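Chain by chain, the residues:
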Amino acid sequence: MKHELHSRIERTLDRVNSLASGRLLAKQITYIIDSAITTVFQSLDIDQDKEKLCLIAIGGYGRMELAPRSDIDLLYLHDNLDHSLLEKVISKINNFLYDSGLEVGHSCRTIQESWDYLNHFQTYHAILDSRYLIGSMNLYKRYETEFLHKLPSEIVSDFNQAKLNSLEKSIYSSHTPLLLTEPDIKNGALGLRDIQFLYWIEKSYHGLEVDSQNGIIDFFTKGESLPIILAYDFFLKTRIMLHKITKKKTDRIELSLQSELAVELGFGERGLESVEEFVATFYKYQMDVLHYIGLFIDSKKLKSNYGEMEEVEYMTLPLARKESYLYPSIIQKIFTQPDNLYKDVITVFLACQDWDLDPSPTLLNELRFASHFLDEDFKNNKIAIELFLQLLKENRAVGKILTFMHRANVLGKFIPEFGACTNFPLFSYHHEYPVDEHTLLILRELDILVQGQFPDREVQEVFNTCENVHILYLALLVHDAGKVKEGDHCQYGAELSIAISRRLGLTQEEEDLFQFLVAHHIDMSEISTKRDIFDPDLIQEFAGIVFNKQRLALLYVLTIIDTKSVGPHILTNWKKDILYKLYISTHQYLNSETSTSQIRDSLISQLRNYLITKENFSEQVAEGLTYFAKKVMPKSYLNSNTFRRIVFHFTQFQIIKQNDLALKIEFEKEPSFLTLSVYSRYRNDILVHISSTVSSLNLNLIGMQPYRYTDEEDDFLITQVQITDHIGSGNIPSNTIEILQTQLENTFSGKQNPEENKPSIPNYWSFKQDVPAGLVEEMISFNNNDSDEFTILEIRLPDSIGLLYKILRSLYRKKYEIIFARISTSADFAYDTFYLKNHIGSKITDKKEMDDLRDELMMASREKEKDPTGIQEIYF
């Protein structure tokens, strides 16, 4: 019988393509489970006590909404049966379900005992969905009349209000986007559970006299409920297919599963198009749920605050609490004149901005209806354009208002370039949200800056110097619009910005700024994470791009809030730090209006003065130390180190030289990372040893900078690396630092092979999720144009076990010298940059040599059988 239960469910799942309804599929699975439990119950020898026992399906099982791996929630309701008999019944049925591979949640109570479990949120909801299964019907009727229909009104009211408050605060009014790259279909925002909340509120409001055989969908039969019915049905079907694919109880739609899900749900053959259609459909249904939740909350508020509102003057009602027929005078007459529709629609949002009010969900619903009549002329209408620009230039809650315009389906009609991004997914572990939700979050972050309440003081101070903030709002609105097409989204976005500028009638100065911000919106992120930001030539080149301090400030602010809005924990302290340093260095260059050689000469002069006046060194010592600083390569050494640190480096060099030491190791804690400095005679394998050791302790390498001093007598190396813990914090425990130092000393001395490093802190290690094929566009490129001295090697590969170690090992074997390295790893890919010279100190120009290295790195990135930790399937 156990095998029969499995095969019946499998046969049902095989028919999914012919069953369009998720609800019918869930019901069929429920019927199969019902039949099996009924058969087992009927086989029990308890005839004389059957009138004292009743099996009740509760929770999702009670609603008849089972997925293949759903929990089977049962209530064994009895009328003071003997304990041993109850154990016999429960054991028989539960063991049958367990043996069939199902999870069981059960409770055993009398009617009187049921009253003791009403104070628990989940238990209360579960009993709301009670459904008779088998046993004494008389006992079940008593359960209904003596318990279900007599639930205390204060408990019902408290639970319902708690659910409403949760929906309003956490869902409808959420600052953070609710559409996620990997959504939780059951308990996540705008999923099954949120719809069930509405159902439970209404069901308890009607006294639980709702037929459980019909479940949720048949209950929503009033008003504009079709969208939520379709959404719920689609979510049920998706969850069933998710269980089928994974063969386990899972509710998170992971990226690696989305392609197969799209096929199972009938979106087409495996490929990007079918996945995009599936995810966009899922997002669309989530937004339908959001709109319905808003309307639901609105209706409850109105009934609670104003009853039937027959005696309420509409002028006394705030805009945020009005049904569609009750607006203030400025709103009351909208939509009555078709010729004024364009103007009226924008006027609504201007009124909201002027009065500092949110449009009610009911009003937004009216606007969504009106949006169907906004044709192609809307975006070109002179009055609508004037009002829209007025809204942008008001510099007050612009991001919030634009978010409401998007929810009303108005923003995409007025700026169709942005409208094309609606529900557009970004298949990346790095990006948490679809393009439109990511964009609107950035705009709301800009609102916080406008209010002067941004949590980072440095960013707020830079923003306070910004002008033309309305252009920044506009640039942010379309900065990622180019992602809907293949190719360089920055260039395509810049082309769109020109068209929008001319449509809106911007001045030439505004158009130039708009185009610049869109075209270069990733420049600071790219430079700070892939280049040596202390290289004076790089700063000079970047300063030439931004042209002036106003553009620099706006671009810096854009980069910060764009990065922050990609997802939680993406804007780390380290990223903020390097972006600010890039901003400051460029700002100083724009102030100075001098050449890089003049800046370098000035730094040398300042260093010499510091050594004599602050450190009280003699002329001779100052001359030697200044000579040291000028000789250290790369030239960015002077820019990237304080005078104090240069003195410290020179001191370490003297200690090693006078005491004939192999190396010295120093640690210095910074606010956002730990700096490890290794002072040694020149050796080409330093970074290989460091990467292996750091990784074995589950620490992250976020930056590498070797400095080399060479003269006729000495070849001295300073290797600085920046380290964070496994969550990106610089707060690394002292005992971990001690272990790191010991292991480094052992590997440098040859006592321990870097290939044999094993994790010393295994508690933090976790299994790495495979990145779906094609998700990351692999790239290994050699750039000999941006530098006269080095070859710049750029690597973008799916992150894998020990990838950095393998890259460094390959470069070491080729005898390349790493002048500079920038390590950037997201959740799904590694993007690393290395400035290289070959073994004779020249750039790498031989094509065969480059091809051989590219092949070797590709092969190393795909190594599965062995990693530097010696442990399979574990990442750091």
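Cut-offs applied
Numbers given to residues run from 1 along each chain, matching the order in which its sequence is written. For a predicted model such as this one, the threshold for reporting local features is a pLDDT of at least 70, and the threshold for listing and counting side-chain atom pairs is 80 or more; totals across whole chains, interfaces and linings nevertheless cover every residue. Hydrogens and water are ignored here; the side-chain numbers use all heavy atoms of the structure. Runs of E in the DSSP output that reach at least two residues are strands. Runs of H or I that reach at least four are helices, and both are numbered from the N terminus. Note on classification: 1.4 Å probe, protein chains only; a residue is buried when its accessible area is under 20% of the maximum for its type, exposed when over 50%, partly exposed between these limits. By the convention used here, residues are in contact when the closest approach between their heavy atoms is within 4.5 Å. Each accessible area is a Shrake-Rupley result for a 1.4 Å probe, and residues are judged covered by the shown protein chains and nothing else. In protein, a polar contact means a hydrogen-donor-capable atom and an acceptor-capable atom, both N or O and within 3.5 Å, with residues adjacent in sequence counting only if both atoms are side-chain atoms; elsewhere, any N or O pair within 3.5 Å suffices. The criterion for strand pairing is that DSSP finds at least two bridges linking the strands in question. An axis is simply a line fitted to the C-alpha atoms; with a helix, the fit covers only the stretch in contact. Between two such axes, the angle follows the N-to-C directions and lies from 0 to 180 degrees. Aromatic pairing here means that ring centres of Phe, Tyr or Trp (its six-membered ring) are within 6.5 Å. Orientation follows from the plane angle: under 30 degrees is stacked, over 60 is edge-to-face, and everything else is tilted. A ring is considered to have a charge above it if a Lys NZ or an Arg CZ atom is located within 6 Å of its centre and within 35 degrees of its normal. As used here, the term nonpolar core means buried Ala, Val, Leu, Ile, Met, Phe, Trp, Tyr and Cys residues forming a set that is joined through side-chain atoms within 4.5 Å. Values of pLDDT, ranging from 0 to 100, describe the predictor's confidence in every residue of the model. Here a cavity denotes grid points, spaced 1 Å and computed from the protein atoms alone, that fit a 1.4 Å probe unable to get out, and a pocket denotes an open set having protein on both sides within 12 Å along at least 5 of 7 lines; residues with an atom within 4 Å of a point are the lining. Grid points are joined across faces, edges and corners, and a volume is the space filled by probe spheres set on the points. Basically, the charged four are Asp, Glu, Lys and Arg, the nonpolar ten are Ala, Val, Leu, Ile, Met, Phe, Trp, Tyr, Cys and Pro, and anything else, Gly included, counts as polar.

Caption draft 1: Spotlight on the overall build of the chain. Scanning the chain from N- to C-terminus turns up 36 helices and 14 strands. Every one of the 876 residues in the chain was classed for burial, and the buried ones make up 56%. Put simply, 71% of the contacts in the chain that link residues at least 6 apart link residues at least 24 apart. Carbon together with sulfur atoms contributes 48% to the accessible area of the chain, which is approximately 38,400 Å² in total.

Caption draft 2: Quick peek at the side chain of Gln 258. On the secondary structure map, Gln 258 appears in helix 11 (residues 255–264). Side-chain polar atoms of Gln 258 contact the backbone oxygen of Ile 253, separated by 3.2 Å.

Caption draft 3: Seen up close, the sheet that holds strand 4 (residues 131–135). On the basis of which strands lie adjacent, the open sheet formed by four strands has the order 3-2-1-4 and mixed pairing. The outermost strands of the open sheet, each flanked by one partner alone, are strand 3 (104–109) and strand 4. Along the sheet, successive strands turn relative to each other by an average axial angle of 25°, direction set aside. Bridge count between strand 1 (residues 53–57) and strand 4: four bridges; the pairing is antiparallel. Bridge pairing in strand 4 places Cys 54 opposite Gly 135.

Caption draft 4: The environment of Ser 810, seen in detail. Locating Ser 810 in the fold gives a position in helix 35 (residues 803–813). Sequence separation between Ser 810 and Val 688 is 122 residues, and the spatial gap between their C-alpha atoms is 9.5 Å. Setting aside chain neighbours within four positions, we find Ser 810 in contact with Glu 856 and Leu 857. A polar contact of 3.1 Å, which involves the side chain of Ser 810, links it to the side chain of Glu 856.

Caption draft 5: View of the environment of Leu 86. Here Leu 86 shows up in helix 4 (residues 83–99). You can call Leu 86 buried: its relative accessible area is 6%. Sequence separation between Leu 86 and Leu 53 is 33 residues, and the spatial gap between their C-alpha atoms is 8.8 Å. Beyond its immediate sequence surroundings of up to four residues, Leu 86 is in contact with Leu 53, His 78, Leu 81 and Cys 108.

Caption draft 6: Just the pairing of strand 13 (residues 829–837), in detail. Among the nine residues of strand 13, nine are classified as buried, and the element is accordingly described as predominantly covered. Burial of the side chains of strand 13 extends over both faces: Phe 829, Tyr 831, Thr 833, Tyr 835 and Lys 837 are buried on one face and Ala 830, Asp 832, Phe 834 and Leu 836 on the other. In terms of strand pairing, strand 11 (residues 791–798) meets strand 13 through eight bridges, oriented antiparallel. Among the inter-strand pairings, Ile 795 is bridged to a residue of strand 13, identified as Asp 832.

Caption draft 7: Focus on the packing of aromatic side chains. Per the counting criterion, the structure on display carries 33 aromatic pairs. Ring centres of Phe 628 and Phe 653 lie 5.8 Å apart, and the angle between their planes is 20°; on these two criteria the pair is classed as stacked. Of this pair, Phe 628 sits in helix 30 (residues 619–631) while Phe 653 is found in helix 32 (residues 643–659), placing the two residues 25 residues apart along the sequence. The two residues Phe 628 and Phe 653 agree in class, both being buried. Within the aromatic cluster, the residues linked to one another by ring pairs are Phe 628, Tyr 637, Phe 650, Phe 653, Tyr 707, Tyr 709 and Phe 716. A cation over an aromatic ring shows up here: Arg 131 above the ring of Tyr 61, its NZ or CZ 5.2 Å from the ring centre. Over the ring of Phe 516 we find Arg 551; its NZ or CZ atom is 4.7 Å from the centre of that ring.

Caption draft 8: Local environment of the nonpolar core. Counting residues in hydrophobic clusters, the biggest one holds 193 residues, and the most contacted among them are Ile 37, Ile 93, Tyr 143, Phe 235, Phe 278, Phe 349 and Met 405. Considering each element in turn, this core owes the most residues, 13 residues, to helix 12 (residues 272–306).

Caption draft 9: Main features of the confidence of the model for the chain. Per-chain confidence: the chain averages 85 in pLDDT, with 87% of residues scoring 70 or above. Across residues 308–330, where pLDDT falls below 50, the model places 49 contacts with residues more than four positions away in sequence or in other chains. Confidence over residues 759–769 falls short of pLDDT 50; this stretch has 34 contacts with residues more than four positions distant or in other chains.

Caption draft 10: Looking closely at empty space enclosed by the protein. Overall, the coordinates contain five cavities of 30 Å³ or more when judged by the stated rule. Every residue lining the largest cavity is counted, 13 residues in all, and those nearest its centre are Pro 177, Leu 178, Leu 290, Arg 407 and Glu 437. Looking at the lining of the largest cavity, the elements with two or more residues in it are helix 12, helix 17 (398–407) and helix 20 (435–450). Among the residues making up the lining of the largest cavity, the classes are represented as five nonpolar, five polar and three charged.

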